[in-house]
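Okay, here's what each chain looks like letter by letter:
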Amino acid sequence: MMIRLPAALTRPLPLLFVLAVLAVAWLGGAVWLNAPQIIDGWQRNGKTDYSTGELVAAAWSQERPLLPAPQQIYADLEKSFSARIDSPRNLLFHTWVTGSAMASGFGLGVLLGGILALGIVHVRTLEKSLMPWVIASQTVPILAIAPMIVVVLGNIGLTGLLPKAVIAMYLCFFPITIGLVKGLRSPDPLQLDLMRTYSASPTQTFWKLRWPAAMPFLFTSLKVAISIALVGAIVGELPTGAQAGLGARLLAGSYYGQTIQIWSALVVSAVLGMGLVALIGFVERVTLSYQHTPVAGGKR
């Protein structure tokens with residue numbers, strides 16, 4: 001007789017299995033990459049007799065490993081978070097700096113992407129003239145254009161948050177534009193004909209038909225855009241010589257060979273990105289559930 005476990009217990013099993021595989025691969029990779037340096041150091045010091053357990057323990061606790069073990073990253077994060085919240089030693093301080101630039105760039109990207117999408121959908125001339133340039137803008141590597149943005153804005157006295165926000169906006173406006181154009185054009189031609197039959201104005205057609213139909217496309221684009229905006233904010237900190245921010249933390253770690261510091265910043269960046277995408281997903285569920293909630297009389 002087969003015993004069926006409750007869905008609440010079986011649902012997280014695939015995720016836990018993947019995490020377990022990643023943990024084993026990570027720990028094994030740390031030993032594989034760090035062991036040659038440890039063995040070489042021991043041999044230079046005349047130590048030739050060691051056990052596998054000693055080698056594994058040394059590989060997982062090396063001061064400057066090629067690949068730090070998960071427990072080393074956890075210890076570094078714990079040490080960082082124990083500092084004052086406004087201290088440069090605390091990664092939350094750097095997260096706030098990068099997050100501020102990311103949020104500003106994301107807001108500008110949503111505004112720019114929305115304006116471009118509305119123009120492309122409603123003005124055919126803009127579609128033919130703007131869309132090729134919108135696509136071509138994404139073929140320029142961000143690592144090449146970021147220093148130019150920083151230099152140009154710096155020459156006119158705009159430094160600090162704005163250059164990083166502009167770089168984030170440059171990266172994230174594209175998926176918003178494309179997704180919103182696709183969404184605004186998603187209504188069936190029969191539905192558009194029905195709106196014309198009702199003598200609906202273009203504004204009424206937009207708010208009653210096009211905008212609700214575009215919501216799923218928009219939120220999908222926002223999830224992509226907010227993660228790209230985070231990448232843009234981090235990249236924008238690299239050519240500015242910033243003293244604060246996750247990008248500055250990564251740069252400082254690479255300068256001084258602090259791989260554990262680099263990985264800690266990467267972990268915080270990944271967690272921040274996942275949290276932002278989850279937040280957009282929550283807003284999406286709330287918005288779409290409200291949009292499809294029937295009201296009195298069976299109408300929406």
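Residues numbered from 1 in each chain as written. Predicted model: local features only at pLDDT ≥ 70, side-chain atom pairs only at ≥ 80, totals over all residues. Heavy atoms only, no water.

Caption draft 1: Structural context of the overall build of the chain. In terms of helices and strands, the chain carries twelve helices and zero strands. Element order for the chain, N to C, with α for helix and β for strand: α-α-α-α-α-α-α-α-α-α-α-α. For 300 residues, the compact-globule estimate of 2.2 N^0.38 gives 19 Å, and the chain exceeds it by more than 25% at 25 Å. The 300 residues of the chain split such that 38% are buried. In the chain, the proportion of contacts linking residues at least 24 apart, taken out of those at least 6 apart, comes to 72%. As displayed, the chain offers around 18100 Å² of accessible surface, 69% of which is attributable to carbon and sulfur atoms. For the chain, the separation between the mean place of its 21 positive charges and that of its 12 negative charges on side chains is 14 Å. (Helix = DSSP H or I, 4+ residues; strand = E, 2+ residues; numbered from the N terminus. Rg over C-alpha atoms; globule rule 2.2 N^0.38 Å. Buried < 20%, exposed > 50% of the residue type's maximum accessible area, 1.4 Å probe, protein only. Contact = heavy atoms within 4.5 Å. Areas by Shrake-Rupley, 256 points an atom, 1.4 Å probe, with all protein chains shown as cover. Lys, Arg positive; Asp, Glu negative; His and termini not counted. Charge placed at Lys NZ, Arg CZ, Asp CG, Glu CD.)

Caption draft 2: Representation of helix α11 (residues 246–255). Taken together, the buried positions of α11 are occupied by L246, G247, A248, R249, L250 and G253. Residues of α11 that are buried make contact with α5 (91–122), α10 (202–237) and α12 (259–291). Trailing α11 by a residue or two, G257 shows a phi angle of about 70 degrees, which is positive.

Caption draft 3: Structural view of the confidence of the model for the chain. When pLDDT is averaged along the chain, the result is 85, and 92% of the positions lie at 70 or above. For the chain, the element scoring lowest by mean pLDDT is helix α1 (residues 7–10), at 63; α5 scores highest, at 92. This stretch, residues 293–300, has a pLDDT under 50; its non-local contacts, to residues over four places away or in other chains, come to four contacts. (pLDDT = per-residue confidence, 0-100.)

Caption draft 4: Up close: the packing of α11 against α12. At a minimum axis separation of 8 Å, α11 and α12 run at an interaxial angle of 160 degrees. Here α12 runs roughly antiparallel to α11, going by the angle between their axes. The chirality of how α11 crosses α12 is left-handed. Side by side, α11 and α12 meet where L246, R249, L250, A252, G253 and S254 of the first sit next to Q261, I262, A265, L266, V268 and S269 of the second. (Axes fitted to C-alpha atoms, helices over the stretch in contact; angles between N-to-C directions. Parallel < 35°, antiparallel > 145°, perpendicular 65-115°, else oblique. Left-handed = near helix turned anticlockwise from the far one by under 90°.)

Caption draft 5: Molecular detail of a nonpolar patch on the surface. A contiguous nonpolar surface patch, about 780 Å² in accessible area, is contributed by L13, L15, L16, F17, V18, L19, V21 and L22. With respect to the helices and strands, the residue F17 is situated in helix α2 (residues 13–44). Of the residues examined, F17 reaches a relative accessible area of 58% and is grouped as exposed. (Patch = residues over 30% accessible without salt bridge, like charges linked within 9 Å, V, L, I, M, F, W, Y side chains within 5 Å. Salt bridge = Lys/Arg side-chain N within 4 Å of Asp/Glu carboxyl O.)

Caption draft 6: The arrangement of the side chain of S269 in detail. Residue placement: S269 occurs in helix α12. With near-sequence residues (within four places) excluded, S269 lies in contact with L230, I234 and L246.

Caption draft 7: Up close: the nonpolar core. Counting residues in each nonpolar core, the largest one holds 36 residues, and the members touching the most others are M102, F106 and L222. Looking at this core, the elements that each hand over two or more residues are α4 (70–81), α5, α8 (161–184), α10, α11 and α12. Among the elements that make up this core, the one with the highest residue count is α10 (twelve residues). What F106 contacts, discounting residues up to four positions off in sequence, is C172, L222, A225, I226 and A229. Core analysis: the second largest hydrophobic core is formed by ten residues, A146, V150, L153 and L171 among them. (Core = buried A, V, L, I, M, F, W, Y, C linked by side-chain atoms within 4.5 Å.)

Caption draft 8: Quick peek at the environment of T287. Note on placement: T287 falls in helix α12. Taking C-alpha positions, T287 is 18 Å from A225, a pair spaced 62 residues apart along the chain. Among all residues touching T287, those that are not within four sequence positions of it are M215 and F219.

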